[in-house]
Amino acid sequence: GENVEQHPSTLSVQEGDSAVIKCTYSDSASNYFPWYKQELGKRPQLIIDIRSNVGEKKDQRIAVTLNKTAKHFSLHITETQPEDSAVYFCAARTGGGNKLTFGTGTQLKVEL
Amino acid sequence: KAGVTQTPRYLIKTRGQQVTLSCSPISGHRSVSWYQQTPGQGLQFLFEYFSETQRNKGNFPGRFSGRQFSNSRSEMNVSTLELGDSALYLCASRTPGGTDTQYFGPGTRLTVL
């Protein structure tokens, strides 16, 4: 089955800096890659996603890039703010169903 | 529209008991998935339902089961609880019409003593 690896497990940046989180996946048939943000005690919330037929997608300060050949995708957050502090999860889906295989999460801390 | 809701939010059980968790998807969503979240194993897929049919199942023992009703509400059941079943159980519903987005509920925090 699909396996998703996520790095780093923790990331500390200064406010205003950029943050990059990387994920690799194993199943070349995976076709959908969402990123979720989870604040302490809250539900995961989708922040951006990308389909396998797209190489890059941007939404304000957040962007995701996908390299299908290398089977990796990355989350880029620019101009980080303290409210960006949370755990971020990448995920991959194979086929048309709902099953998401998640990475192990990255604890992002944005320091003032 | 109201978001995905889950009941109860917190639950304490003892080993050997069974538990039933409930999930109400966003109105109009017919697809519901369940995930288990633990510090050690992260987020793991349990199963998904669409139109009352289980479409996919994760690698969990048969003690974990679920079902979906005609109004798309879903329940999951865990029998013969073990200490390792302590986790946050999340359900997610998916927008209809071929879109990919899954929206998560707040979860049920299950503690097994």
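The structure presented is a predicted model; accordingly, all values stated were derived computationally and were not measured. (Residues numbered from 1 in each chain as written. Chains lettered and ligands numbered in written order. Predicted model: local features only at pLDDT ≥ 70, side-chain atom pairs only at ≥ 80, totals over all residues. Heavy atoms only, no water.)

### A word on the sheet that holds strand β7 (residues 64-68) of chain B
All names here are of chain B. With antiparallel pairing, the four strands of this open sheet are ordered in space as β1-β3-β8-β7. Across the chains shown, the open sheet's two edge strands, defined by having one partner strand only, are β1 (5-7) and β7. For this sheet the average axis-to-axis angle between neighbouring strands, irrespective of direction, equals 20°. Note that strand β3 (residues 19-24) and strand β8 (residues 74-78) share five bridges and pair antiparallel. Counted as the bridge partner of Cys-23 is Ser-74 from β8. (Pairing = 2+ DSSP bridges. Helix = DSSP H or I, 4+ residues; strand = E, 2+ residues; numbered from the N terminus. Axes fitted to C-alpha atoms, helices over the stretch in contact; angles between N-to-C directions.)

### Focus: the state of the cysteines
This structure, assessed with the given rule, holds two disulfides over all chains. Through a disulfide, Cys-23 of chain A is tied to Cys-90 of chain A; the S-S separation comes to 1.9 Å. Where Cys-23 of chain A bonds to Cys-90 of chain A through sulfur, the torsion about that S-S bond is close to -100°, and the disulfide is left-handed. Linking Cys-23 of chain A in strand β3 (residues 19-25) with Cys-90 of chain A in strand β9 (residues 86-94), this pair joins segments that are 67 residues apart in sequence. With respect to class, Cys-23 of chain A is no different from Cys-90 of chain A; both count as buried. Note that Cys-23 of chain B is cross-linked by a disulfide to Cys-91 of chain B, the S-S spacing being 1.9 Å. Between Cys-23 of chain B and Cys-91 of chain B, the S-S dihedral sits near 70°, and the bridge is therefore right-handed. With Cys-23 of chain B in strand β3 and Cys-91 of chain B in strand β9 (residues 87-94), the pair connects residues that are 68 residues apart, well separated along the chain. (Disulfide = S-S within 2.5 Å. Buried < 20%, exposed > 50% of the residue type's maximum accessible area, 1.4 Å probe, protein only.)

### Thoughts on the pairing of strand β6 (residues 56-59) of chain A
Residue and element names in this part refer to chain A. Examined bridge by bridge, β6 and strand β7 (residues 62-67) share four bridges and lie antiparallel to one another. Across the sheet, residue Glu-56 finds its bridge partner in β7, namely Thr-65. The antiparallel hairpin formed by β6 and β7 contains two residues in its connecting segment, where Gln-60 sits at a positive phi of about 55°.

### Overview of the environment of Phe-33 of chain A
All names here are of chain A. In this structure, Phe-33 sits in strand β4 (residues 30-38). Along the chain, Phe-33 and Ser-74 lie 41 residues apart, while their C-alpha atoms are 9.9 Å from each other. The residues touching Phe-33, leaving out its near neighbours within four places in the chain, are Tyr-25, Ile-48, Asp-49, Ile-50, Ser-52, Leu-66, Phe-73, Ala-91 and Ala-92. (Contact = heavy atoms within 4.5 Å.)

### Some remarks on unusual backbone geometry
Along the chain, His-7 of chain A connects to Pro-8 of chain A via a cis peptide bond; the corresponding omega equals -5°. Its place among the elements puts Pro-8 of chain A in the loop between β1 (4-7) and β2 (10-14). The peptide bond linking Thr-7 of chain B to Pro-8 of chain B adopts the cis configuration, its omega dihedral lying at -15°. Inspection of the secondary structure assignment puts Pro-8 of chain B in the loop between β1 and β2 (10-13). Of note, the phi angle at Lys-71 of chain A is positive, near 55°, even though the residue is not glycine. Structurally, Lys-71 of chain A is set in the loop between β7 and β8 (72-77). Residue Ser-51 of chain B is not a glycine yet carries a positive backbone phi of 50°.

### Topic: the interface of chain B and chain A
On the chain A side, the residues contacting the 21 residues of chain B number 16 residues. Contact with chain A buries surface across chain B, with Leu-43, Asp-100 and Phe-104 of chain B losing the most and accounting together for 37% of the total. Between Arg-51 of chain A and Asp-100 of chain B there is a salt bridge; the shortest N-O distance is 2.4 Å. Where chain B packs against chain A, one counts 15 residue pairs in polar contact (both at pLDDT 80 or more). For the side of chain B that touches chain A, the secondary structure elements donating two or more residues are β4 (31-38), β5 (42-50), β6 (53-57), β9 and β10 (102-104) of chain B. Broken down by element, the residue count for the side of chain B that touches chain A peaks at five residues, all from β4 of chain B. Residue classes in the side of chain B that touches chain A are distributed as nine nonpolar, eight polar and four charged. (Buried area = accessible area lost by both parts, 1.4 Å probe. Salt bridge = Lys/Arg side-chain N within 4 Å of Asp/Glu carboxyl O. Polar contact = N/O pair within 3.5 Å; in protein donor to acceptor, adjacent residues only side chain to side chain. Nonpolar A, V, L, I, M, F, W, Y, C, P; charged D, E, K, R; others polar.)

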